[in-house]
Structure formats: structure tokens, C-alpha cells
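One-letter residues, chain by chain:
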Amino acid sequence: TSLKGKTVLITEALHHFGTPMALAFAREGANLFLATMSDDAQLEHTARTMASLGVKVVTGVNLAMLVDFVFHLTLTPEAASERAIAAGTKAIRTP
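The model shown is predicted, which means the values in this text are computed figures rather than measured ones. (Residues numbered from 1 in each chain as written. Predicted model: local features only at pLDDT ≥ 70, side-chain atom pairs only at ≥ 80, totals over all residues. Heavy atoms only, no water.)

1. Things to note about helix α2 (residues 40-51)
Line of reasoning, step 1. A rise of 1.5 Å per residue sets the reference length of α2, with its 12 residues, at 16 Å; its end C-alpha atoms lie 16 Å apart and thus fit the reference within 8%.
Line of reasoning, step 2. Among all positions of α2, only L43, T46, A47 and M50 are buried. Taken end-on, α2 shows its buried residues confined to a sector of 105°, consistent with a single buried face. Looking at α2, the residues exposed on the side facing more than 90 degrees away from the buried face are A41 and R48. (Helix = DSSP H or I, 4+ residues; strand = E, 2+ residues; numbered from the N terminus. Expected span 1.5 Å × (residues − 1). Buried < 20%, exposed > 50% of the residue type's maximum accessible area, 1.4 Å probe, protein only. Arc of directions from axis to C-beta.)

2. Some points on helix α1 (residues 18-27)
Line of reasoning, step 1. For α1, every residue scored as buried is listed here: G18, A22 and A26. Considered in projection along α1, the buried side chains sweep an arc of 65° and stay on one side of the axis.
Line of reasoning, step 2. Where the residues of α1 are buried, they touch β1 (7-10), β2 (31-36) and α2.
Line of reasoning, step 3. Looking one or two residues past α1, G29 carries a phi angle of roughly 95°, positive in sign. (Contact = heavy atoms within 4.5 Å.)

3. Describing the nonpolar core
Line of reasoning, step 1. One finds I10, A22, L32 and L34 to be the most contacted residues of the largest nonpolar core, which totals 13 residues.
Line of reasoning, step 2. Elements represented by at least two residues in this core include exactly β1, α1, β2 and α2.
Line of reasoning, step 3. Here the element with the most residues in this core is α2; it accounts for 3 residues. (Core = buried A, V, L, I, M, F, W, Y, C linked by side-chain atoms within 4.5 Å.)

Quick look at the structure:
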């Protein structure tokens, strides 16, 4: 099954199963929206690696910001997730 044209959000894209999952989805043609709470520079390197497979890759949602929104009750977890997904989807659709 091809995932071409679909977008996948991967949280903690640099840890545990994040990078292998991103690679597997990219190989199936899915665009990627990668997030992490740690090293943004390493995330950009990972994004370039995935983009070399011919898919669109967006980074830039820092999970620490997302957690901050949630714990300061600025947004519900659902609203924070929806906002992050909307931003990633918009970025992927922008040429």
C-alpha cells in the first residue's frame, strides 16, 4: 500500500522508534511532519535524510512548546495537537 500524498506526524522523531518509523513512512511515499523535544540541529539532519527519498518533510514544532501550552492550560491537549497538525499540514502544502 502506497502512502504517497499522505502526511504522518512523528513525535520524538529522534528517539526510540521515531527515526526508523520516519524512514519506513518516507519509503512508502508519505510526507513527514517531524517533531522533537531535543536537538533541533539533529532533527534538521534527519529531515534532510528523509527528504532525499523524495518526500516533503516539515520540522519546526518543538514539542517543548506544545507541552508548555498544555501545562499552562493555554490550550487543551487536543487543541494543542490540532494546532500542531494544522501548522505541519499547511507547511507541507506550501510549495
